[in-house]
Structures are given as structure tokens and as C-alpha cells.
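# Commentary on secondary and tertiary structure
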Amino acid sequence: MKFIVIDALARASGERYSTYDVVGAGPRIVAGILYEKGFKVDLKAYEVVLGEPSILKKYDYILISAMSQDKGALKRIIKLAKKNNPRGKIIVGGPISFEYEDILREHDGIDYIIVGEAEIPLTRFLEEISSSNPRIEKVPSIAFRNGNDVILTSPPVHTPRKILSLIKPWFFIENSYPNHKIYRYYVEVVRGCSNFYRPLLSDDKYKCIKCMVCRNAPLKHRLKCPANIPPGCGFCSVPNLFGPARTRSPNSIVEEINDLVKHGARRIVLSAPDFLDYGRDLLVSPNPLTDPCEPAPNIEYIQELFEAINDLRLKYNNVVIMIENIKACLVNEEVAKLLGKYLSGTTIHIGLETGDYNYNLNVLGKPIGLKDVVKAVKLLRKNGLRPYIYLMYGLPYMSKKTYLKTIKSINILSRLGVEKITLYKFTPLPHTAFEHIAPEIEKHKELINKLKYLVNKFNYNYKKKFLLGKRIIVFLLFSKGKYYGYPLYHGPTVFVKGIKSPHFSGCLAEVEIYDVAARFVWGRFIRIVEC
Ligand code: SF4
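Since the structure is predicted, the reported quantities are computational estimates derived from the model, not experimental observations.

## As for the sheet that holds strand S1 (residues 2–7)
A sheet is described by the order of its strands in space; here seven strands give the open sequence S3-S1-S4-S5-S6-S7-S8, paired in mixed fashion. The sheet is open, and its two edges are formed by strand S3 (40–45) and strand S8 (149–152), each paired on a single side. Strand-to-strand twist across the sheet, computed as the mean angle between neighbouring axes with direction ignored, equals 20°. Direction of pairing for strand S5 (residues 89–93) relative to strand S6 (residues 112–114): parallel, over a ladder of two bridges. For Ile 91, the partnering residue across the bridge sits in S6 and is Tyr 112.

Take a look at the structure:
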């Protein structure tokens, strides 16, 4: 049996955004499980399959990993698969899998959907198809059509911490991603999220009884809400779909990074909904980690991970390690010092969402406000990190007061040295507390426009002040006649001008920034640093 795993993550309606330089962890985990179990498997980026669809003929099983917003890309792949290999079985996974019912009804080409985390169902699926009498209905958490019905064999299964540490994700990246050196490879360090606070909603769908179980009860009681309100921030589905935070062992992470680096990776992102949850689950074990801010981070465990990664960094001397998101309430002097010691010069993302603490706490279900973020930004800046902040608009029940406080927060953040503010429009996601609520735009249109204007101005001014005229090192990517540059230490995508040859894709280059906009910058090619 031959398998292909197709990474269609973030391909939207069929094209990878040129500004996107990320390789997610999910498809590599799936391919790694297949490889470790001794099956013949290839992992290919979506573009590779699109460029040469006839390769699909070779495989018995075609596995596609996609997110909700990748429906267009998924449709294209299914069409190509059916045309080139009508007998190949198609299996879909990834975050899109939670919409299994709609997707199975819409695409009759799909045979199975592995819903949620893949480790356990995929392993069981492989056992069944290898047996003389396969019974797929015995595999947990798998969806398929049965006549006019859609069957889901069991609710999604959360992979236990121990198993997460046993998986060896795929690392033959040079065979999977063209220009494989330029990407930021996401290495999962934590699965799930620790925020089991909930929005205290009282509307047509939910009636919170204000029992405060989700905030004050013993940790394991917080898994359930008597009003059935999904856990976590109202706009986010991570805790509901992936459960409480679980940590992978430092050894398994370092081994994965080592493999990736040996195969050409140069930029690694330690991926987690909140990096500072790393090892916090061990502090409360055997209880689940269902509190976003207590206990404080597990400094010793984080240090152990960083030490091990540092040994590796010294060995290779040309690897950049970054982390992704953190919760501001977990940042203290000790944490900031530790992050600064190992990650100085890299970016770090913090969700503020709005400048109104009471709104965040009660409506979003997020016990973090501007005060926490200000403290975190100051500490992180002092220790050499580059904070990026997330804000949102259009969220349910945002009042004029909440918008005004959010607008005010931009001014405060700009004085602290925040490098970038990303403003997101709220989009209701399935399996969240806000799933049933449409974005509120019209009611506060003027304030939203002002917020957008100020965020753009902030981002533009920062780039003008700190990037214009500066020389930085970027990875080059040649695509559709143009060069893009991805900063080695992360930062805005650079539109690179002045390179005559189209053959420098994948090389490191020095560029000088000569023009800036709120989201992008333009750079003049100076020299090739390394190819
Ligand atoms: S959201 Fe929290 S406070 Fe409200 S009913 Fe559920 S557990 Fe109780």
C-alpha cells in the first residue's frame, strides 16, 4: 500500500499566499506516523501535486490536510485525484475535519474524514486496512457516508501526552517542499489550550447560570459547563476541539528539530497555542491544565527544553528558533529573562483582542487585559524580544466603550516598543461559544474605521522609523516573476527588487529596505549571503 499526504494548509481557494512562509506540523505528523509504521509514504506540498497531478496515480491512499478556509484547494485536489486515480481512497484531516458532515455531503469523492487529532484514529485505521477483514467502523473518530447518512464512529479522541512524545514527525522536507530551506517549520511543543474560562453568555442559545465552575472550581471540574458553553475565548475553538494543554517531552522535540535541520530547515517555530503552557500541565498532573494563568510557567521544564535546543543550535550554528504565541498573564521577570536568554531578537505574539478588561473577562472568557499586556511587553522588550499584538473588531457585544478603550490601547502600546499590531475581523468559527453570532460591523462602523486607520498608521510608522534604510537578511523565494524575501528572524515580507537571475530561490540574501507600507516593505538586493 502506498500513501501520499498532501499539505493543503493555508492554500485557501487554491494558491499559497506569496506572503506565507509556514509549514504546519499536522501533515508532517501524519506522514511520520505512516513512515514509522513501515508504510510507503510521500509528503507533498499542494503546489507540487498541482504541478504534476499524474503522480497521484502511484498511490492507494491520498490523504489531504486542510483548514476550514482551504475548501477551494480541497476541491481542486479531490478533482485531480478522481481524474488521475479514480480507485485511490481519499482521506481528509486537519482542522477542516470538524466540518465533516458538510464536507462529506458536498464532496462524494471523499472516502473518510479523520476528525480531530489523528494519532489514535490513524493508527487504528492502518491496523484495520492491514487486516484480512477491515472494519473501519471500529476505528474511533472517523467519519464516512453510509447511504444518505453520515456516520461518525466516536467523538474526537485527544492524544495523551505520552503518545504525543512518541510520534516522530516527517523530516524528509527536501522531497516535500520546493525551496524547502526558506520556510518556518512549526514543531509542535504543546497541543491544546489551558483556557477553560468561558464567555458568560445569556442569549438565544446559551444561558450561563454564573456558577463560576469554569473559573474557580477544581481543575478537572472545569472541563464541563452546566450550560454547555464551549470552553475558551468565545472566538477560538482550540480548547473545545483539542482539549487542555499537553506537553511533548524535550527529547522528542529536540530530536525532531535535529532531523529537520539535518534535512535543510533553518527556521524553527516552537508551536503552541501558548508556549508558556509548556510543562505547566506537569505541575498540575494528574489534573488537566484548565486554568490559563495559574500556576505560573514551569521555568525548569522550559529551561530544560531551551538548553537541549541550544546544544543543537551550537552544533549547527545557523538555526533560528522562535516561539509563537504566549498569554500575557504568564509573563513575569523570570520568564522574560529566560525567553530573552535563548530567543533574543525574535518575535513573540500576544493576544490582547480588546483594551477593555471587563469585556475580555466576561464576554470573551479571557482573563487578560491591557495591564497584563503592558507588563508583558515591557519585560519582553527589556529582554530583547520583539512583541507583536493581536486586536480584534466585530466581536459580539462589543460596545462603544470597548472600542474606545481598544483605540486608546494602541497609543499606549506604541510607546512601549510593540513592533506590530495585527487587527483581525471576528469570524464565527464552528465549535466556539460565538459560533451562532454574526460579526457586528455596521453598528460601530465609524469606530472600526478609526481602529483600522490607527492600526495601519501604527504599523506604517513603526516600519518607517525602524526598518527604512536598514539592511536585513532574508530568504529569497522566486514566484511568478517576482522575488519575495522572508526575514531570517521573522518580520514583514519584503518585495525584493534588483535581482536579475531567477536562480536564487532558497538563498539567503542581504537587502536594504527602501520603502514601506503598513503590512509590507520593499528591499533593494545587496548581496547573496549563502545559497
Ligand atoms: S460559563 Fe462558566 S459560569 Fe457560566 S454556566 Fe458555564 S461554567 Fe458556569
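After that view of the structure, there is still more to cover.
## So, the nonpolar core
Side chains of a nonpolar character, in soluble globular proteins, are inclined to be buried together. Core analysis: the biggest nonpolar cluster contains 135 residues, and Ile 257, Ile 268, Leu 270, Phe 275, Leu 339, Leu 380 and Phe 434 have the highest contact counts within it. Setting aside residues no more than four positions away along its own chain, Ile 268 makes contact with Tyr 185, Val 187, Ile 257, Leu 260, Val 319, Val 320, Ile 321 and Met 322. The next biggest cluster of nonpolar side chains, apart from the first, holds 31 residues, and it includes Leu 80, Ile 103, Ile 110 and Ala 143.

## Description of the site of the ligand
Taken together, Arg 198, Leu 200, Cys 208, Ile 209, Lys 210, Cys 211, Met 212, Cys 214, Cys 225, Pro 226, Ala 227 and Ile 229 are the residues near the ligand. Per-class residue counts for the shell around the ligand are 10 nonpolar, no polar and two charged.

## Topic: unusual backbone geometry
Across the junction of Ser 285 and Pro 286, the peptide omega takes the value 10°, indicating a cis bond. Following the sequence through the fold, Pro 286 ends up in the loop between helix H10 (280–284) and helix H11 (299–316). Here the phi dihedral of Lys 210 falls at roughly 55°; this positive angle occurs in a residue that is not glycine. Its relative accessible area of 48% is what places Lys 210 among the partly exposed residues. Despite not being glycine, Tyr 397 shows a phi value in the positive range, around 60°.

## A closer look at the state of the cysteines
Disulfides are covalent bonds that connect the sulfur atoms of two cysteines. Enumeration according to the criterion identifies two disulfides in this entry. Paired by a disulfide, Cys 293 and Cys 329 hold their sulfur atoms 2.1 Å apart. Around the S-S axis, the bridge from Cys 293 to Cys 329 shows a dihedral of about -90° and counts as left-handed. Taken together, the residues span a long stretch of sequence, with Cys 293 in the loop between H10 and H11 and Cys 329 in the loop between strand S14 (325–326) and helix H12 (333–343) at a distance of 36 residues. A relative accessible area of 16% places Cys 293 in the buried class. Paired through a disulfide, Cys 507 and Cys 531 show a sulfur-sulfur distance of 2.0 Å.

## Regarding the pairing of strand S22 (residues 521–530)
For strand S20 (residues 494–497) and S22, the ladder comprises four bridges, and the chain directions are parallel. Residue pairing for S22: Val 494 is matched across the bridge by Val 521. Sheet analysis places strand S21 (residues 508–516) next to S22, joined by eight bridges and oriented antiparallel. Bridge pairing in S22 links Glu 512 to Arg 524. Where S21 hands over to S22, the hairpin turn is made up of four residues, counted between the paired strands.

## Some thoughts on the sheet that holds strand S18 (residues 471–479)
Pairing is mixed in the closed barrel, where five strands are placed in the order S18-S19-S20-S22-S21. The mean angle between the axes of side-by-side strands here comes to 50°, regardless of whether they run parallel or antiparallel. Here S18 runs beside S21; their pairing, made up of five bridges, is antiparallel. Bridging across to S21, Arg 471 finds its partner in Glu 512.

Cut-offs used in this document
- Residues numbered from 1 in each chain as written.
- Predicted model: local features only at pLDDT ≥ 70, side-chain atom pairs only at ≥ 80, totals over all residues.
- Heavy atoms only, no water.
- Pairing = 2+ DSSP bridges.
- Helix = DSSP H or I, 4+ residues; strand = E, 2+ residues; numbered from the N terminus.
- Axes fitted to C-alpha atoms, helices over the stretch in contact; angles between N-to-C directions.
- Core = buried A, V, L, I, M, F, W, Y, C linked by side-chain atoms within 4.5 Å.
- Buried < 20%, exposed > 50% of the residue type's maximum accessible area, 1.4 Å probe, protein only.
- Contact = heavy atoms within 4.5 Å.
- Near = heavy atom within 4 Å.
- Nonpolar A, V, L, I, M, F, W, Y, C, P; charged D, E, K, R; others polar.
- Disulfide = S-S within 2.5 Å.

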